[in-house]
Amino acid sequence: MTEKGYAQIQTLTTRLNQYRDEYYNKNAPSVPDAEYDRLFDKLAALEQETGIRMANSPTQTVGYPAVSALEKTQHTSPLLSLDKTKDAAALLEFIGEQQILLMLKLDGLTLKLTYENGQLVQAATRGDGNAGEVVTHNARSIAGTPQEIPYKERLVVTGEAFIRPSNFENLCDAITDASGVAYRNSRNLAAGSVRLLNAADCAARRVTFMPFGVIEGFADIALKSKRLARLAQLGFAPCKFFVTARSLSQRELEDGIARLRGYARENDLPIDGIVAPYNDIAWSAACGRTSHHYRDGMAFKFANELFETTLRGIEWNPSRTGLIAPVALLAPMEIDGCAVSRASLHNLNFINDLRLKPGCRVLVSKRNQIIPHIEENLDRGAFALADVIPRACPCCGQATRVHVARKNGTCGTMTLHCDNEQCGMRRIRRFTHFAGKKAMDIEGLSEAVLEKFIGRGWLHSYLDVYRLNDHAAEILRMEGFGEKSWQKLWDAIQRSRDTTFERYLVAMDILLVGRTASGVLAKQFDSDLASFEEAALTGYDFTQLPDFGETLNASIHAWFEEEENLYIWEELQTMVNIQKPAQASAAPQSPVNPFAGKNIVVTGKVEPYTRSEMNALIESLGAHAQSAVSGKTDYLVCGESAGSKLTKARQLGVTVLRPSLFFSMAEDARREIA
């Protein structure tokens, strides 16, 4: 039978279910019984002829099942995402000479369908990629899901369960989530619907399934496009895609993306981007993966949309350094399914340039799908920065100070500060930093807990953290504390006594000394605090170290000149144990490890790693992680939203690596090191 014949089964199934709904639920049939019976018989004959029967076929569905809970299931092959970009040029570079599928990125919930002997035996959600939830009971409620297929070998299909925009418009006002709040978008509604316990409720949500990949099955087919075509012959409606016949120009790539966006609009499909997986299955398998995503494809995310809202006010938050950070308080809105009511205002220049003041209408985006950002002020008018800045610290009431950074005699960034060392919020956040994961890593010593302890006068310096057992009886009487919670906190404090040179240094909160700088110092001084202290007190020139400038050099010396700092530095060492790192053999200076001894800078967002994780990876390769591009930089790893570092690297002729290439080279290097 032709593909057109398979499509007839889906069309008839959809039409007959519509007629059944009109007849049984709305009491308003649009066709006579004879016409319904004729179409029903035609569908039954086609199902018999082809061996294909959709899960929601009216020839089979008498009622919808329900379950009491959703079972968990482990995915044999992890269902991971793809690397992402918003730059068409980056996508083109990723594609290179390989043939790809240019495919719609549907905006819904990823499902995995498993077939054995031609029968659907399990439907499961993606979950965290390694384990999902079994939703087989809802399969017959989801359009586009075959219940029986004429393929008897094991077949595992992945695809997207989604709700069409037009259906969402009709449903969103009538349906709320478990907390009684209306669903913000079709993606959230689809995800909630697929996970309902009662399949009858799921059926009312009009969820549709479209496959985009085959995990198991069709072993004799070497191309993804051919496997998707084979799915179409089994009653599925694969996600729309184009196959490239040759290398594309950027114009051709952008035209292809535009055509797919047009197709989605015309066919009422919710999308949030385009995906470009390699077509060759063997090549894809050779690309490997990270813990977060497969490397055989890339997702192209559409540019940030702008949303209008009102700036209701500006909140000023003192940090541990005395910098008072401005935060925009926005009239709540929804962006990408998330409620947004706050956004960083960065510094006084940002406020001044946009002439921001409470009451203004502003345009907000969600940069990189993560960070809310004010892009424009629609109500620029009379404005004076002095009227917006608080004259007193919102925490301690002391007078604030505007600091203007100057470079080469030119005014630069303006920031607001509280100079009161005893400011309550500054003290709380210094202790929060001390107890943080990158420092002493004391689980349970949160900002809220620290605020209570400081308020009771138990914490004056970092040394007092290790004396909190003196107040154990009083802590046990505090609200929120009992024997178990106090013991858990005290155990965490005790564990933190075994720490490293790097963590200890970060905990001291020396200005500009973070994980990267502390790692460099650990190497230079063999993780010996006494050697580092001697260097700091005897005028050692830290600028000779990789990525250490004059400002950082001066910061270290200035910190050790403070008598109180030096006292805590030495006294705290009597309470902790600095663990020496295990001696490892030097990374081989082999051509296979191009990073050995090199200086590497990272710019932009490199998923799935944080900046500190990227720096740790770089150091593990025998390279040096730098924070700024200079003439000594060998490589720049360039992720999403790269800025001035990329421009400077190009000016200096520094080798620029896309994350996918860097990770590939890093894996080769690590194998050589091992």
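Residues numbered from 1 in each chain as written. Predicted model: local features only at pLDDT ≥ 70, side-chain atom pairs only at ≥ 80, totals over all residues. Heavy atoms only, no water.

A. Layout of the overall build of the protein. Per the secondary structure count, the protein includes 23 helices and 26 strands. Considered along the principal axes of its C-alpha atoms, the protein spans approximately 95 × 60 × 60 Å. Taken across its 674 residues, the protein has 48% of its residues classed as buried. Summarising the internal contacts of the protein: among those between residues at least 6 apart in sequence, 68% fall at separations of at least 24. (Helix = DSSP H or I, 4+ residues; strand = E, 2+ residues; numbered from the N terminus. Buried < 20%, exposed > 50% of the residue type's maximum accessible area, 1.4 Å probe, protein only. Contact = heavy atoms within 4.5 Å.)

B. Structural detail: helix α18 (residues 529-537). All of the buried residues along α18 are Leu529, Phe532, Glu533, Ala535 and Ala536. What you see down the axis of α18 is that its buried residues fit within an arc of 160°, all on one side. Residues of α18 that are buried in the fold lie against α16 (501-507), α17 (515-524), α19 (550-561), α20 (563-572) and β22 (577-579). Positive backbone phi, at 80°, marks glycine 539, one or two positions downstream of α18. (Arc of directions from axis to C-beta.)

C. Quick peek at the sheet that holds strand β26 (residues 655-657). In space, the four strands of this open sheet follow the order β24-β23-β25-β26, with parallel pairing throughout. Strand pairing shows two members of the sheet lacking a second neighbour, β24 (624-626) and β26, which therefore form its edges. The sheet shows a mean angle of 30° between the axes of neighbouring strands, taken without regard to direction. Of the pairings in the sheet, the one linking strand β23 (residues 599-603) to strand β25 (residues 635-638) comprises four bridges and is parallel in character. Counted as the bridge partner of valine 601 is leucine 636 from β25. (Pairing = 2+ DSSP bridges. Axes fitted to C-alpha atoms, helices over the stretch in contact; angles between N-to-C directions.)

D. Spatial organisation of the sheet that holds strand β3 (residues 81-85). Read from one edge of the open sheet, five strands run β3-β13-β12-β4-β11, paired in mixed fashion. Strand pairing shows two members of the sheet lacking a second neighbour, β3 and β11 (241-243), which therefore form its edges. Ignoring which end each strand starts from, the neighbouring axes of this sheet average 30° apart. Relative to β11, strand β4 (residues 101-106) is paired through three bridges, and the arrangement is antiparallel. From the neighbouring strand, leucine 101 faces β11, where its bridge partner is valine 243.

E. Representation of the nonpolar core in the model. Of all hydrophobic cores here, the largest spans 62 residues; its most connected members are Leu155 and Phe236. For this core, the element with the most residues is β4, which contributes five residues. When residues no more than four places from it in sequence are discounted, the contact partners of phenylalanine 236 are Gln10, Leu113, Tyr115, Gly144, Pro146, Ile149, Val157, Phe209, Pro211 and Leu231. (Core = buried A, V, L, I, M, F, W, Y, C linked by side-chain atoms within 4.5 Å.)

F. Highlighting the confidence of the model for the protein. Summing up the model confidence of the protein, the mean pLDDT is 85 and the portion of residues at 70 or higher is 91%. The element-level mean pLDDT for the protein is lowest in helix α23 (residues 659-673), coming to 72, with strand β9 (residues 155-162) highest at 96. Here residues 584-591 is modelled with pLDDT under 50, and outside its nearest four sequence neighbours on either side it reaches nine contacts, counting other chains as well. (pLDDT = per-residue confidence, 0-100.)

G. Summary view of the pairing of strand β12 (residues 271-277). Taken across its seven residues, β12 has six buried, putting it largely inside the fold. Where β4 meets β12, four bridges bridge the pair, whose relative direction is antiparallel. Its bridge partner lying in β12, lysine 105 is registered against glycine 273. Sheet analysis places β12 next to strand β13 (residues 293-301), joined by five bridges and oriented antiparallel. Opposite alanine 276, over in β13, you have methionine 298 as the bridge partner.

H. Layout of the pattern of salt bridges. Evaluation of the coordinates by the stated rule reveals 23 salt bridges. Two residues, arginine 401 and aspartate 419, come together in a salt bridge whose shortest N-O distance is 2.8 Å. Note that arginine 401 is positioned in strand β19 (residues 400-407) and aspartate 419 in the loop between β20 (410-418) and α12 (424-435), a separation of 18 residues in sequence. With relative accessibility at 32%, the residue arginine 401 sits in the partly exposed group. Aspartate 419 sits in the partly exposed class, given a relative accessible area of 46%. The shortest N-O distance in the salt bridge between glutamate 421 and arginine 426 comes to 3.7 Å. Judged by its relative accessible area of 47%, glutamate 421 is partly exposed. (Salt bridge = Lys/Arg side-chain N within 4 Å of Asp/Glu carboxyl O.)

I. Structural detail: the side chain of asparagine 167. Locating asparagine 167 in the fold gives a position in helix α4 (residues 165-171). A polar contact is formed between the side chain of asparagine 167 and the side chain of arginine 206, at a distance of 3.4 Å. (Polar contact = N/O pair within 3.5 Å; in protein donor to acceptor, adjacent residues only side chain to side chain.)

J. Region of the structure containing the packing of α18 against α20. Orientation of α18 relative to α20, taken along the N-to-C sense of each, is 165°, at an axis distance of 12 Å. Viewed along their axes, α18 and α20 adopt a mutual orientation that is roughly antiparallel. The handedness of the crossing between α18 and α20 comes out as left-handed. For the pair α18 and α20, the contacting residues are Leu529, Phe532, Glu533 and Leu537 in the first and Leu566, Trp569 and Glu570 in the second. For the contact of α18 with α20, the per-class residue count stands at five nonpolar, no polar and two charged. (Parallel < 35°, antiparallel > 145°, perpendicular 65-115°, else oblique. Left-handed = near helix turned anticlockwise from the far one by under 90°. Nonpolar A, V, L, I, M, F, W, Y, C, P; charged D, E, K, R; others polar.)

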